[in-house]
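# Examination of the molecular architecture
Spelled out, the chains give:
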Amino acid sequence: PVTALIHVGCALLLLHDRPTVWLEVSAGSDARLAELLPAPLDQVLTPRFGAIRARAVATPTADRLRPSAPLLRAAADLAAELDARKAYEFLLGRHLDANPRQYTLTPPGLAALMADLAGPATTVLDPACGTGALLRAVATAQGTSATEEQHLDGQDSAPELAALTALRLALHTRAVVRTAAADTLREDAFGSLRADAVVCHPPFNERNWGHDELAYDPRWEYGFPARTESELAWVQHALARLREGGVAVLLMPPAAASRRSGRRIRADLLRRGALRAVIALPPGAAPPYNLPLHLWVLRRPALGAPAAQPEVLLADTGVHTADSRGGLDWQAVRTAVLDAWRPFDRAGTVPEQPGLSRCVPVIELLDDDVDLAPARHLPPSAAGGGAERLADVRDSLGETLRLTDRLTPPPAA
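### Quick word on the pairing of strand β8 (residues 311-316)
Of all six residues in β8, six are buried, a share of seventy percent or more. With burial as the criterion, each face of β8 is covered, one bearing E311, L313 and A315 and the other bearing V312, L314 and D316. Alignment of strand β6 (residues 275-280) against β8, held across four bridges, turns out to be parallel. The residue of β8 that forms the bridge with A280 is D316. In the sheet, β8 pairs with strand β9 (residues 357-361) via five bridges, with the strands oriented antiparallel. Counted as the bridge partner of L314 is R358 from β9.

If you want it as structure tokens, here you go:
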């Protein structure tokens, strides 16, 4: 199925960029289609994805395309009804739905929120790109500004995911797309990159992330992560790939904010002003759905910067729990997060909202635990809304009792 999706993506990209060429090569038999298709595909793939050796999407040969020819024609018919972009999203979505345990997906609402937190950016990197949901959300958030001047870079250890991400992004935007298939922490394909933004949904709780091989890696500016702290390795990798002032947004397990093995790195992130916000999401935001995952927002400090930021934004959106259908109100979560983050990002502080957000002085967090869990530092919201709300409840209860009395039938004789 993955090979079929890659072939379909290549054909739909040709149909999207050069529709007349597709009409010419698809006229005739399947054997003729397979024989003529590689050359025009290469003319589309090379400008989009770069040199043959470096790109994740190789030009399929005639022998490889021959079994896929009927599928390519069917996909072209579907694209005629929808368009090439929607056709590919539909087919990719069917594949992901059929293999839910094979892939760790980032829900669209969460991806859009992370793109909003990252803000406008010309060069964007996702070092654990998966199926490309985060990079696609960034390109979508840019709107008309997502032109050929924008660079979208992704890396994933699975070659098929790097290829699917490249094709998906190429169909959604005119930006320059580069994806690589390799273990990011061990074989960083973008070692010289200094991106405007990094968005990442890294793998959680990995023990085999390269602890023994990478002990002296220059990326560990804030401390060498323990074997159990793979997430803090991803955090420092993201910071190392940012330009000065660039923003990184990472999805993190809640334990990363409080595990004792990571307290020294968390403390250094705070002291140097790299960690700007920790935002607790409601349970059900992303896999694993039973945990209230966190978003960490980081900014790479400028060289020679005078001092760290004195405050960190801690927010908790747990009040926006899943509805009866199991879905989150992402618009409410997005509004709550951005209403706290945007003024904080501009001014370095924001008024406290009980139970929702608070700017905490860094010095207050630098204790023995360096616990960054928002729930530990947020004052509770006013119970029930105060005396006025209590009066409303009393009136409602009185009306209910009166209605109950009227509707109660008389006792039997």
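### Digging into the sheet that holds strand β5 (residues 242-252)
The mixed open sheet is built from nine strands, whose spatial order is β3-β2-β1-β4-β5-β7-β6-β8-β9. Sheet topology places β3 (176-181) and β9 at the edges, where each strand pairs with a single neighbour. For this sheet, the mean inter-axis angle between neighbouring strands, taken without regard to orientation, is 15 degrees. Here β5 runs beside strand β7 (residues 294-299); their pairing, made up of six bridges, is antiparallel. Note that in β7 the partner of V247 across the bridge is R299.

### Digging into the layout of surface pockets
Reported here for the largest pocket is a volume of approximately 590 Å³. Lining the largest pocket are 33 residues, with A128, D156, H201, P202 and P203 sitting closest to its centre. Mapped onto the lining of the largest pocket, the elements with two or more residues apiece are α9 (133-142) and β2 (151-156). The residue inventory of the lining of the largest pocket, partitioned by class, reads 18 nonpolar, 10 polar and five charged.

### Some details on helix α6 (residues 69-81)
Under the 1.5 Å per step criterion, the end-to-end length of α6 is 19 Å for 13 residues, consistent within 8% with the ideal 18 Å. Among the residues making up α6, those that are buried are A69, L72, A75, A76 and A79. Down the axis of α6, the sector holding all buried residues measures 115 degrees, keeping them to one side. Relative to its buried face, α6 has exposed residues pointing more than 90 degrees away, namely D77 and E81. In this fold, the buried residues of α6 make contact with α1 (2-17), α2 (19-26), α3 (30-36), α5 (62-65) and α7 (84-98). Note on α6: the residue one or two positions beyond its end, D83, has a positive phi of about 150 degrees.

### Some words on the packing of aromatic side chains
Tallying each qualifying case throughout the model produces three aromatic pairs. Here W209 and W220 contribute two aromatic rings whose centre-to-centre distance is 5.9 Å and whose plane-to-plane angle is 90 degrees, an arrangement assigned as edge-to-face. Placement of the pair is W209 in the loop between β4 (195-200) and α11 (230-240) and W220 in the loop between β4 and α11, with a sequence separation of 11 residues. With respect to class, W209 is no different from W220; both count as buried.

### Here's the deal with unusual backbone geometry
Across the chain, the bulk of peptide bonds are trans and the bulk of non-glycine residues have phi less than zero. Put simply, P287 and P288 share a cis peptide bond, and its omega is -10 degrees. In this fold, P288 is placed in the loop between β6 and β7. Of note in the backbone geometry, D83 takes a positive phi value of approximately 150 degrees without being a glycine. By relative accessible area, D83 is classed as partly exposed at 32%. Unlike most non-glycine residues, N205 shows phi in positive territory, near 55 degrees. By the element assignment, N205 lies in the loop between β4 and α11.

### So, the environment of D126
Note on placement: D126 falls in strand β1 (residues 123-126). Sequence separation of D126 and E364 is 238 residues, and the distance between their C-alpha atoms is 32 Å. Apart from the residues within four sequence positions on either side, D126 is in contact with L134, L135, D153, G154, Q155, V199 and C200.

### Description of the packing of α6 against α7
The contact between α6 and α7 brings their axes to 7 Å, and the two run at 120 degrees. Taken together, α6 and α7 sit at an angle that is classed as oblique. For the element pair α6 and α7, the recorded crossing hand is right-handed. When α6 is examined against α7, the residues A75, L78 and A79 are found in contact with a partner set consisting of A84, A87, F90 and L91.

### Description of the side chain of R48
Tracing the backbone through its elements, the reader meets R48 in helix α4 (residues 38-49). Here the side chain of R48 touches A170 through a polar contact of 2.8 Å, landing on its backbone oxygen. When sequence neighbours within four positions are dropped, the list of residues in contact with R48 reads L13, D17, A170, T173, R174 and V177.

### Quick look at the environment of R32
If you trace the backbone, R32 turns up in helix α3. Sequence separation between R32 and A69 is 37 residues, and the spatial gap between their C-alpha atoms is 9.5 Å. The residues contacting R32, other than those within four sequence positions of it, are E24, V25 and A27. At a separation of 3.5 Å, a polar atom in the side chain of R32 contacts the main-chain carbonyl oxygen of V25.

Reading guide: rules and limits
Residues numbered from 1 in each chain as written. Predicted model: local features only at pLDDT ≥ 70, side-chain atom pairs only at ≥ 80, totals over all residues. Heavy atoms only, no water. Buried < 20%, exposed > 50% of the residue type's maximum accessible area, 1.4 Å probe, protein only. Helix = DSSP H or I, 4+ residues; strand = E, 2+ residues; numbered from the N terminus. Pairing = 2+ DSSP bridges. Axes fitted to C-alpha atoms, helices over the stretch in contact; angles between N-to-C directions. 1 Å grid on protein atoms, 1.4 Å probe; cavity = no way out; pocket = protein on both sides within 12 Å on 5 of 7 lines; lining within 4 Å. Points joined across faces, edges and corners; volume = space filled by probe spheres on them. Nonpolar A, V, L, I, M, F, W, Y, C, P; charged D, E, K, R; others polar. Expected span 1.5 Å × (residues − 1). Arc of directions from axis to C-beta. Contact = heavy atoms within 4.5 Å. Phe/Tyr/Trp six-rings, centres within 6.5 Å; stacked < 30°, edge-to-face > 60°. Parallel < 35°, antiparallel > 145°, perpendicular 65-115°, else oblique. Left-handed = near helix turned anticlockwise from the far one by under 90°. Polar contact = N/O pair within 3.5 Å; in protein donor to acceptor, adjacent residues only side chain to side chain.

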